[in-house]
Amino acid sequence: MRHMLNPLDFSVEEIDRLLSLASDIEHNLPKYAHVCDGKKLATLFYEPSTRTRLSFESAMLSLGGSVLGFSSADSSSAAKGESVSDTIRTISCYADIAAMRHPKEGSALVASQASSIPVINAGDGGHQHPTQTLTDLMTIRSLNGKLNNMTIGLCGDLKFGRTVHSLINAMVRYPDIRFVLIAPDELRIPSYIREDVLKANKVEFKEVNNLDEAMPELDILYMTRVQKERFFNEEDYIRLKDCYILDKKKMKLARENMYVLHPLPRVNEISTEVDSDPRAAYFKQVQYGVYVRMALIMTLLEVEKPC
Ligand code: CP
């Protein structure tokens, strides 16, 4: 039995196979309509979500399976003090696979250790969000036709943004990737990512404050929201929340073939005037999120690809 707790749980070859399966699903959706008949997915969401929870549910329904779960800690027995371990042991009696989001870093790992069904980390605090990364990889591969030799700008809250941490972890395994890390000093990338991931893998990167100056050299610009829910101090959040706003004027500084990604939800960091720019790829990204989650469910449940 396998889990998906971190993008590194799958080798580069396994991720390539999963992305190819997701792409086949995209182009042959009806073929997959019954591959998970009789299977159940539990969605255990202790934190708010729109895309991750609903795309998992949509994915399982599109595969012919069914879904059950809760969308907040308050509506589960966590509110009575039940541990994650006891919850997942219980859910293992009800479902074949579980996707869990929790505010505490490491909670998905704890769940996997008590589980008798595959556990998917749907976001654990400021740590990792591997299925967003699969979504991002599929989006980049579909738009650029490759996952190597490019300059990726990551902009905004690089301290708390778990999607950024997971994406860096995954992308350093591909050749000739360069990162431009664009953040205010208070929201710079955590030192464990800088030292243990970027430097340890000898990946070229630079840390800058200025988005305008970085724009012309980027192949991908990955914008992120300032993570209000992870700040201890509201004053700091208010001071930093609008530190970068991507608008039409800034897009003029970018290459014609630079794509803008964002895991969403956005607040102010991308002006809605950018949405009509052909380089704005964040709603395509949302759609790809369903296909990769379908592919992941099939892979973890060891469901055969239909002919
Ligand atoms: N990208 C993402 O995780 O969105 P949600 O918080 O809406 O699930």
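Sequence positions are assigned chain by chain, starting from 1 and proceeding in written order. Selection of residues for local features in this predicted model requires a pLDDT of at least 70, selection of side-chain atom pairs for listing and counting requires 80 or more, and totals for whole chains, interfaces and linings are taken over all residues. Each side-chain value is worked out from all heavy atoms of the structure, with water and hydrogens disregarded.

Novice: Go over the sheet that holds strand β3 (residues 97-102) with me, naming the residues and quoting the values.
Specialist: Pairing between strands requires that DSSP locate at least two bridges from one strand to the other. Only DSSP runs of H or I covering at least 4 residues are called helices, and only runs of E covering at least 2 are called strands; the numbering of each starts at the N terminus. Within the open sheet, the four strands sit side by side as β2-β1-β3-β4. Their pairing is parallel. The strands lining the two open edges of the sheet, one partner per strand, are β2 (66-70) and β4 (119-124). Sheet twist, expressed as the mean angle between neighbouring strand axes with direction ignored, is 15°. Strands in contact with helix α4 (residues 107-114) are β3 and β4; relative to β4, the strand with the most contacts, it is inclined by about 160°. Axis geometry follows a simple rule: fit a line to the C-alpha atoms, using only the stretch in contact for helices, then measure angles between N-to-C directions, giving values from 0 to 180 degrees. Any two residues whose heavy atoms approach within 4.5 Å at even a single point are treated as in contact.

Novice: Which residues make up the pairing of strand β1 (residues 40-45), and what values do they have?
Specialist: Buried residues are those whose accessible area, probed at 1.4 Å on protein chains only, stays under 20% of the maximum for their type, while exposed residues exceed 50% and partly exposed ones sit between those limits. For β1, the buried fraction is high: five of the six residues fall into the buried class. Relative to β2, β1 is paired through five bridges, and the arrangement is parallel. Residue Leu41 lies in a different strand from β2, and its bridge partner there is Val67. When the strands point away from the viewer, a crossover counts as right-handed if the route from the first strand across the helix to the second turns clockwise. Following the chain from β1 across helix α2 (residues 51-62) to the adjacent parallel β2, one finds a crossover that is right-handed. Sheet topology note: the β1/β3 ladder contains five bridges and is parallel. Within β3, the position partnered with Thr43 by the bridge is Ala99.

Novice: Tell me about the pattern of salt bridges, and name the residues and values.
Specialist: Salt bridges, as used here, are contacts in which a Lys or Arg side-chain nitrogen is within 4 Å of a carboxyl oxygen on Asp or Glu. Scanning all chains against the criterion turns up 16 salt bridges. Between Arg53 and Glu57 there is a salt bridge, with the nearest N and O atoms lying 3.3 Å from each other. In this pair, Arg53 and Glu57 are both assigned in helix α2, four residues apart and thus about one turn of the helix distant. Glu57 shares its class with Arg53; the two are buried. Of the charged contacts, one joins Glu186 and Arg239 as a salt bridge, the two residues approaching to 2.7 Å between their closest N and O atoms. Residue Glu186 is located in the loop between β6 (177-182) and α7 (191-199), and its partner Arg239 is located in helix α9 (residues 234-240); the two are separated by 53 residues in the primary sequence. Taking the relative accessible area as the measure of exposure, Glu186 reaches 38% and is therefore partly exposed. Each of Glu186, Asp236 and Arg239 takes part in salt bridges that share partners, so that together they form one network.

Novice: Tell me about unusual backbone geometry, residues and numbers included.
Specialist: The omega torsion of the bond from Leu264 to Pro265 falls at 5°, within 30 degrees of zero and hence cis. Within the fold, Pro265 resides in the loop between β9 (259-261) and α11 (282-300). One non-glycine residue, Asn149, lies in the positive phi region at around 50°. Structurally, Asn149 is set in the loop between α5 (130-144) and β5 (150-155). What makes Asn149 partly exposed here is its relative accessible area of 37%. With a phi angle near 55°, Asp176 is a residue other than glycine that sits in the positive phi range.

Novice: I'd like a description of the packing of helix α3 (residues 84-91) against α4, backed by residues and values.
Specialist: Where α3 meets α4, the closest approach of the two axes is 8 Å, and the angle between their N-to-C directions is 50°. Viewed along their axes, α3 and α4 adopt a mutual orientation that is oblique. In this structure, α3 meets α4 at a crossing whose hand is right-handed. From α3, Val84, Ser85, Ile88 and Arg89 reach across to α4, where they touch Ser107, Val110, Ala111 and Ala114. The residue inventory of the contact of α3 with α4, partitioned by class, reads five nonpolar, two polar and one charged. Throughout, the term roughly parallel applies to angles under 35 degrees, roughly antiparallel to angles over 145, roughly perpendicular to angles from 65 to 115, and oblique to all others. Handedness of each helix crossing follows the sense of rotation of the near helix against the far helix: counterclockwise by less than a right angle gives left-handed, clockwise gives right-handed. In this classification, the charged set is Asp, Glu, Lys and Arg, the nonpolar set is Ala, Val, Leu, Ile, Met, Phe, Trp, Tyr, Cys and Pro, and all remaining amino acids, among them Gly, are polar.

Novice: Any chance you could break down the nonpolar core for me, citing the residues and the numbers?
Specialist: Remark: nonpolar core denotes a set of buried residues (Ala, Val, Leu, Ile, Met, Phe, Trp, Tyr, Cys) joined through side-chain atoms within 4.5 Å. Residues Leu137, Leu154, Ile168, Phe179 and Ile297 are the most contacted members of the largest nonpolar core, which totals 64 residues. With 10 residues, α11 is the single largest residue contributor to this core. Note that the domain bounds were set by an automatic or database domain assignment. When residues of this core are sorted by domain, at least three fall in each of domain 1 (7-128 + 288-300) and domain 2 (131-285). One finds Leu246, Met251, Val260 and Tyr282 within the second-largest nonpolar core, a separate group that totals 20 residues.

Novice: A description of the packing of aromatic side chains should follow, citing residues and the corresponding values.
Specialist: Between rings of Phe, Tyr and Trp, where Trp is taken as its six-membered ring, a pair exists when centres lie within 6.5 Å; planes separated by under 30 degrees are stacked, by over 60 edge-to-face, and by other angles tilted. Inspection of the entire model under this criterion finds two aromatic pairs. Put simply, a charge is over a ring when the Lys NZ or the Arg CZ is close to the ring centre, within 6 Å, and near the line of the ring normal, within 35 degrees. Taking the ring centre of Phe10 as reference, the NZ or CZ of Arg2 above it sits at 4.4 Å. Its end group placed over the ring of Phe56, Arg293 keeps NZ or CZ at 5.2 Å from the ring centre.

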